Amino acid sequence: MTELPPQQPSGTPPQWTPPAPPAGPTQPPAGPFAPSPAQTSVMPPVPGTPAKKRAGGRAGLVAAVLAGALVAGGAAGVGGAAIYGALDGEGSPGGANTPATSQVVDAKAPEGSIEKVSAKVLPSVVKIEVSSQQGSGSGSGVVLSSDGTILTNNHVVELAANGGTVTVDFNDGTSAPAEVLGTDPLTDTAVIKAKGVTGLTPITIGKSSNLTVGQSVVAIGSPFGLDSTVTTGIVSALDRPVNVGVDQNGAATVYPAVQTDAAINPGNSGGALVDLNGNLVGINASIRSGGGASSEDAGSIGIGFAIPIDEINPIVEQLEKGERATHAQFGISVSDAPAAQNGQTSVTGAQVQEVSDGSTAEKAGLEKGDIITKVDDHIITGSDSLVATVRSYRPNDQVEVTWSRNGEEKTAKVTLDSDAS
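Overview of the structure. Keep in mind it's a predicted model, so treat the numbers as computed, not measured. (Residues numbered from 1 in each chain as written. Predicted model: local features only at pLDDT ≥ 70, side-chain atom pairs only at ≥ 80, totals over all residues. Heavy atoms only, no water.)

## Quick notes on the overall build of the chain
What the chain contains, in helices and strands, is six helices and 21 strands. Counting the 421 residues in the chain, one finds 57% classified as buried. In the chain, the proportion of contacts linking residues at least 24 apart, taken out of those at least 6 apart, comes to 67%. If you sum the accessible surface of the chain, you get close to 15600 Å²; carbon and sulfur atoms cover 48% of it. (Helix = DSSP H or I, 4+ residues; strand = E, 2+ residues; numbered from the N terminus. Buried < 20%, exposed > 50% of the residue type's maximum accessible area, 1.4 Å probe, protein only. Contact = heavy atoms within 4.5 Å. Areas by Shrake-Rupley, 256 points an atom, 1.4 Å probe, with all protein chains shown as cover.)

## Observations regarding the sheet that holds strand 6 (residues 189–194)
Pairing within the closed barrel is antiparallel, and its six strands lie in the order 1-2-3-6-5-4. Taken over all neighbouring pairs, the strand axes of this sheet differ in orientation by 40 degrees on average, direction set aside. Relative to strand 2 (residues 135–143), strand 1 (residues 125–132) is paired through eight bridges, and the arrangement is antiparallel. Within the sheet, the bridge partner assigned to Ser132 lies in strand 2 and is Gly135. Contacts from helix 4 (residues 309–320) reach strand 3 (149–152), strand 5 (175–184) and strand 6 within the one sheet, and its direction differs from that of strand 6 by about 50 degrees. (Pairing = 2+ DSSP bridges. Axes fitted to C-alpha atoms, helices over the stretch in contact; angles between N-to-C directions.)

## Focus: the environment of Glu129
Within the secondary structure, Glu129 sits in strand 1. In this structure Glu129 comes out as buried when scored by relative accessible area, which is 18%. Each C-alpha atom of the pair Glu129 and Val168 lies 6.3 Å from the other, and the pair is 39 residues apart in sequence.

## Observations concerning helix 6 (residues 383–391)
In an α-helix, one turn spans 3.6 residues, which is why side chains three or four residues apart end up on the same side. Counting buried residues in helix 6 gives nine out of nine residues, a clear majority hidden from the surface. Among the residues of helix 6, Ser383, Asp384, Ser385, Leu386, Val387, Ala388, Thr389, Val390 and Arg391 are the ones counted as buried.

## Section: empty space enclosed by the protein
Here the idea is plain: a probe the size of a water molecule rolls over the atoms and shows the empty space left. With the rule as written, the count across this model stands at three cavities of 30 Å³ or more. The space that makes up the largest cavity amounts to roughly 60 Å³. Lining the largest cavity are Thr187, Val254, Tyr255, Pro256, Ile307, Pro308, Glu311, Ile312 and Arg391. Of all the secondary structure elements, the ones that give two or more residues to the lining of the largest cavity are strand 10 (252–260), strand 13 (304–308) and helix 4. By residue number, the principal contributor to the lining of the largest cavity is strand 10, which donates three residues. Counted by class, the lining of the largest cavity contains six nonpolar, one polar and two charged residues. Size it by volume and the second largest cavity reaches roughly 40 Å³. Looking at the lining of the second largest cavity residue by residue, the classes come out as three nonpolar, two polar and three charged. When residues of the lining of the second largest cavity are assigned to domains, at least three fall in each of domain 1 (115–289 + 300–321) and domain 2 (328–418). (1 Å grid on protein atoms, 1.4 Å probe; cavity = no way out; pocket = protein on both sides within 12 Å on 5 of 7 lines; lining within 4 Å. Points joined across faces, edges and corners; volume = space filled by probe spheres on them. Nonpolar A, V, L, I, M, F, W, Y, C, P; charged D, E, K, R; others polar. Domains from an automatic or database assignment.)

## So, the nonpolar core
With 27 residues, the main nonpolar core has Val142, Leu151, Val274 and Leu280 as its most contacted residues. For this core, the elements supplying multiple residues, two or more each, are helix 2 (114–121), strand 8 (216–221), strand 9 (229–246), strand 10, strand 11 (272–274), strand 12 (279–287), strand 13 and helix 4. Among the elements that make up this core, the one with the highest residue count is helix 4 (five residues). Dropping the residues within four chain positions of it, Leu151 is found in contact with Gly141, Val142, Leu144, Thr189, Ala190, Val191, Gly270, Ile283, Ile309, Ile312 and Val316. The next biggest cluster of nonpolar side chains, apart from the first, holds 22 residues, and it includes Ala361, Ile380, Ala412 and Val414. (Core = buried A, V, L, I, M, F, W, Y, C linked by side-chain atoms within 4.5 Å.)

Keep in mind these values describe shape, not function.
Below you can see the structure in the form of structure tokens.
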């Protein structure tokens with residue numbers, strides 16, 4: 001999970017951190033929304049070149065971030081997005097392979113009850129343990145196939161990117177080694193495959209587009225290594241732009257998150273957010289931390305974030321096939337629109353800093369200085385908002401873009417580019 005430190009002054013993005021894994025050296029959050037560390041109270045460093053800490057204002061950095069996110073997002077590597085934390089020792093009091101007694105649920109519970117949801121979903125949620133020379137940690141995952149295909153966060157498994165090991169602990173107390181099939185840092189998504197297993201219970205995939213604010217949801221995972229943990233809450237907000245960091249290529253991990261007050265803590269990363277029918281609607285990925293809380297001390301304050309399942313389904317399909325994930329892009333770099341000066345009225349949105357030659361943005365007539373205010377019906381409130389919105393589409397999707405130039409509103413229908421090349 002990613003923790004989100006307290007709100008910064010105007011013009012500076014809030015800081016977010018992911019729930020963490022067990023034991024290793026410490027490292028500060030990698031960006032505004034750092035992925036929730038797998039499990040533990042100490043955060044080991046992630047492989048690759050760590051993202052630089054944001055300082056002071058954000059305009060210049062955001063421009064670079066968005067250049068990577070919207071123009072060259074596919075070039076992302078591992079290492080910028082996730083922060084790992086780990087509990088000393090096994091994490092789970094009974095040991096890694098000891099199932100919690102709370103997983104025994106009344107099969108006669110009424111439909112739509114938390115008991116019924118738990119009985120359905122618990123067999124489909126796993127604990128993932130990762131170890132490498134850089135440290136060790138644990139997170140969560142959801143079963144996609146009976147023969148061991150599992151969905152989790154990139155920041156949960158990236159510790160093992162350079163020769164590390166991945167082990168999956170199942171709800172029945174058994175475990176198996178696993179290999180990483182593919183990762184996508186830009187959406188903080190990864191697919192792994194447990195070896196030599198059969199007869200697993202795949203989770204039922206739902207539709208995050210059907211979610212409404214105030215709807216009840218259930219989060220299941222392994223917070224602080226405590227496997228088979230169930231928490232409940234509601235959908236607090238939808239399409240919340242969450243930025244968990246930047247990789248060494250300047251590409252940002254930004255997604256339009258489902259915000260929930262279900263308790264999500266370090267180790268919940270990669271676990272399931274489900275509706276009251278037990279259908280997967282999101283992958284828990286980040287949390288907001290309390291005032292002054294460091295990444296190793298962070299815990300739930302009722303503000304957690306999940307990656308909407310609709311947004312990553314196409315990515316998951318590509319990773320399962322061993323393909324590189326592709327993303328929609330607009331072909332621009334942007335920053336937050338400037339605040340009003342000298343009593344003038346300001347326009348809220350994402351201000352264009354650079355337009356790539358031959359991009360869909362150039363073809364639409366966008367120029368440096370334009371302020372993008374809407375994409376279809378999505379109101380754009382800043383640079384992260386634009387990146388998250390564009391990421392919610394697929395390459396070659398058609399959208400209507402609205403922007404402001406010298407106080408005049410303009411619109412154009414555009415076909416989004418792909419970062420496949």
